[in-house]
Amino acid sequence: MALLAPRGGAGRCDPPALLGRAEPALAAVALESEAEVLFAGAERSAVARQREAVLRAVDGRLLVLTGGPGTGKTTTVVRLLAMLLRVAAATGRPAPSIALAAPTGKAARRLAQAIAAGRQALARTLPADSAFAAPLDAIGRAQARTLHRLLGYRPDLNGYARGAADPLLADVVVVDEASMIDLALMRQLFEALRPDALLILLGDPDQLASVDAGSVLADIVASTPALGGRVVRLDHVWRAGAPLQRDLQALRDADGDRVEAILAGGGDGIDRRPCGDAADLDAALARWIERHRGAFDRLFASDADPADALAALRAAQVLAALREGTFGAAGLNARIARALGARYGFDPQQTWHRGRALIVTRNDDASGLYNGDVGVVLDGADGPRVWFEAGDRDGVPALRSYAPAALPAHESAWAITIHRSQGSEYGEVAVVLPPDPAHPVLSRELVYTAVSRARAAAELWATPDAVRAALARPIVRHGGLRERLAAP
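Everything numeric here is computed off the predicted structure, so don't read it as measured data.

Once that is clear, we can look at the confidence of the model for the chain. Note: predicted coordinates in regions of low pLDDT should not be interpreted at a detailed level. Counting all residues, the mean pLDDT for the chain is 86, and 89% of those residues have values of 70 or more. Between residues 1-11, whose pLDDT stays under 50, and residues either more than four places distant or in other chains, the model counts 36 contacts.

Once that is clear, we can look at unusual backbone geometry. A positive phi angle, near 50°, is found at Glu177, a position not held by glycine. Tracing the chain through its elements places Glu177 in the loop between β6 (172-175) and α8 (183-192). Phi at Ala254 is positive, roughly 50°, even though this residue is not glycine. One can find Ala254 in the loop between α10 (242-253) and α11 (256-263). Among the residues examined, Ala254 registers a relative accessible area of 30% and is labelled partly exposed.

The next subject is the packing of aromatic side chains. Two measures describe an aromatic ring pair: the distance that separates the ring centres and the angle between the ring planes. Applying the stated criterion across every chain yields a total of seven aromatic pairs. Note on Trp288 and Trp461: the rings are 6.0 Å apart at their centroids and 85° apart in plane angle, and the pair reads as edge-to-face. In this pair, Trp288 sits in helix α12 (residues 278-291) while Trp461 sits in strand β18 (residues 454-461), placing the two residues 173 residues apart along the sequence. Here Trp288 matches Trp461 in class, with each residue buried. When the centroid spacing of 6.0 Å and the interplanar angle of 20° are considered together, the rings of Phe300 and Trp414 count as stacked. One end of the pair, Phe300, is in helix α13 (residues 293-300); the other, Trp414, is in the loop between β15 (410-412) and β16 (415-417), and 114 residues separate them in sequence.

This part covers the nonpolar core. Formed by 63 residues in total, the largest nonpolar core has its most connected members in Val318, Trp414, Leu433, Val451 and Trp461. Look past the residues within four positions of Val451 in its chain and what remains in contact with it is Leu244, Leu248, Leu251, Ile270, Val429, Val431, Ala458 and Leu460. Of all hydrophobic cores here, the second largest spans 38 residues; its members include Ala53, Met83, Val87 and Leu100.

All right, on to the sheet that holds strand β7 (residues 198-203) then. Taking strand neighbours across the sheet as the criterion, the six strands line up as β3-β2-β6-β7-β1-β8 in an open arrangement whose pairing is parallel. A strand with exactly one partner marks an edge of an open sheet, and here the two such strands are β3 (144-146) and β8 (231-234). Each strand of the sheet is rotated relative to its neighbour by a mean of 20°, with strand direction disregarded.

With that settled, consider the side chain of Asp176. Along the polypeptide, Asp176 turns up in the loop between β6 and α8. Buried Asp176, no salt bridge; nearest opposite-charge side chain is Arg110, N-O distance 6.2 Å. Apart from residues no more than four positions distant in its own chain, Asp176 is found in contact with Thr74, Ala101, Ala102, Pro103, Leu111 and Leu202.

Glancing now at helix α17 (residues 444-451). With seven of eight residues buried, α17 lies mostly within the body of the structure. Turning to α17, its buried residues are Glu445, Leu446, Val447, Tyr448, Thr449, Ala450 and Val451.

The next subject is the sheet that holds β16. As summarised here, the arrangement of the five strands in space is β9-β18-β17-β10-β16, forming an open sheet in which the pairing is parallel. What marks the edges here is a single partner per strand, and that holds for β9 (270-273) and β16. Within this sheet the neighbouring strands show an average axis-to-axis angle of 30°, counted without direction. Note that strand β10 (residues 316-320) and strand β17 (residues 426-432) share five bridges and pair parallel.

Take α11 next. Helical geometry note: an α-helix holds 3.6 residues per turn, so side chains three or four residues apart project in the same direction. Considered for burial, the residues of α11 that qualify are Val259, Ile262 and Leu263. All buried residues of α11 project into a common sector of 100° when viewed along the axis, lining one side. Where α11 is buried, its residues meet α10, β9 and α18 (464-471). In the segment just after α11, Gly265 is the residue with positive phi, at about 95°.

Moving on to the environment of Leu80. Take Leu80: it is sitting in helix α4 (residues 73-90). Relative accessible area serves as the criterion here: at 0%, Leu80 is assigned to the buried category. Considering only alpha carbons, one finds Leu80 and Ala35, 45 residues apart in sequence, at a separation of 9.5 Å. Residues contacting Leu80, with those up to four places away along its chain left out, are Ala53, Val54, Ala57, Leu63 and Ile200.

Another point: the side chain of Arg61. Counting through the fold element by element, Arg61 comes out in the loop between α3 (48-58) and β1 (62-67). Within polar-contact distance, the side chain of Arg61 engages the backbone oxygen of Pro195 at 2.9 Å.

This paragraph deals with the pattern of salt bridges. Summed over all chains, the structure comprises 29 salt bridges. Here Asp282 makes a salt bridge to Arg335, at a shortest N to O gap of 2.7 Å. Here Asp282, found in helix α12, pairs with Arg335, found in helix α15 (residues 329-344); they are 53 residues apart in sequence, far enough to count as distant. Among the residues examined, Asp282 registers a relative accessible area of 37% and is labelled partly exposed.

Packing of α3 against α4 brings their axes to within 9 Å, and their N-to-C directions diverge by 35°. The two elements α3 and α4 meet at a crossing, and its hand is right-handed. Contact residues: Gln50, Ala53, Val54, Ala57 and Val58 in α3; Thr76, Arg79, Leu80, Met83, Leu84 and Val87 in α4. In the contact of α3 with α4, the residues fall into eight nonpolar, two polar and one charged.

Each value, and the rule that gives it
- Residues numbered from 1 in each chain as written.
- Predicted model: local features only at pLDDT ≥ 70, side-chain atom pairs only at ≥ 80, totals over all residues.
- Heavy atoms only, no water.
- pLDDT = per-residue confidence, 0-100.
- Contact = heavy atoms within 4.5 Å.
- Helix = DSSP H or I, 4+ residues; strand = E, 2+ residues; numbered from the N terminus.
- Buried < 20%, exposed > 50% of the residue type's maximum accessible area, 1.4 Å probe, protein only.
- Phe/Tyr/Trp six-rings, centres within 6.5 Å; stacked < 30°, edge-to-face > 60°.
- Core = buried A, V, L, I, M, F, W, Y, C linked by side-chain atoms within 4.5 Å.
- Pairing = 2+ DSSP bridges.
- Axes fitted to C-alpha atoms, helices over the stretch in contact; angles between N-to-C directions.
- Lys, Arg positive; Asp, Glu negative; His and termini not counted.
- Salt bridge = Lys/Arg side-chain N within 4 Å of Asp/Glu carboxyl O.
- Arc of directions from axis to C-beta.
- Polar contact = N/O pair within 3.5 Å; in protein donor to acceptor, adjacent residues only side chain to side chain.
- Left-handed = near helix turned anticlockwise from the far one by under 90°.
- Nonpolar A, V, L, I, M, F, W, Y, C, P; charged D, E, K, R; others polar.

Structure (structure tokens):
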């Protein structure tokens, strides 16, 4: 990149490529005073890892920034990018170009919004004459795209335009939700990087990995010693809801005593609801709807505002481990639609009733809607309109509406699968597990990923045996990367 002197070759997601990028690309620069400005007012111990990440990025071509929900990964990236731009200006080098990406359109949009919010928050804390003012403005011009779009995926050729022969132009490439990236896509990303580019991977290695081959992020994080400190794990939780974070850590670590307390109803941020059959499921749904009736009232109001209706959808979400069956997203959607129809006076068989939540299931560049985008049906002057939260070029949230006929493939979203929820956040979640403890879908990563979607509280609709079985079953994948990085 323009800021750093290149060393070595480019390329593939294999040990030589990773280890080569972990080598320093520039002599260490005394930037402590600059870091003081970026972290002014923060308790030093709380931001120690964030400061480390910012300083690590300046002299390298690889940074892996990990941590659980609420640990400030995107906040750190804003400061990191500001530092890179500031150093370039101070040393007379051209400003590095920045590309933001994520595996899905929804995750890319959230990344852009988080960067925009972090940039604005940081700008409010800096003096008016700060040398970081111009760098922050430059960060605002970076757009976020899906990894497939960044790499120029060609469906007609089943291949990518960007690779070693035609690399990405960006000097800095930031990729969020890296746990969702499979081995083949990560290799393509490495192939497409310029030798002197800086790659920043963000993600939580304890979440579900890609449905395809490999667990790349977890393998890289497990190989921290081999990468010379290029992996920084954030552990200070900034998000409100510390009780939930304690329970979430217990699930991640399969902490037996704490898990048993949660199962017995003694969790701080997680409640368990008995859910062994259809009757239990209906009882849990009835309590859930009543608990969140304020959000549902806003959603079904005849004069509902689109922004308020979409915010109501984000307040609470039912997540299912399965797609089909009584305990799957499809069965849950039918049950929830019937219950809401009885309460709010609509026919659950009617497709385009006011207040319906739906989720896009296929990427569609023409409409600007992508797999995982969630919308709500509201009344319009000429019939129903479906509203989605999009984002402008600076990542600032914006609203767009579509006629039903203009939508790509979609389905109801009162309940969605845990896999589809990756990259999303909700106020509260209800996590529905199949009651059979031997069900092969159950895993520790599945439960952790689902509960980590919540900001404030979560419910487990499950039998105790199903939860115990899931937490006792961490996913082990043998993609080969971890073993090869560990080899002498």
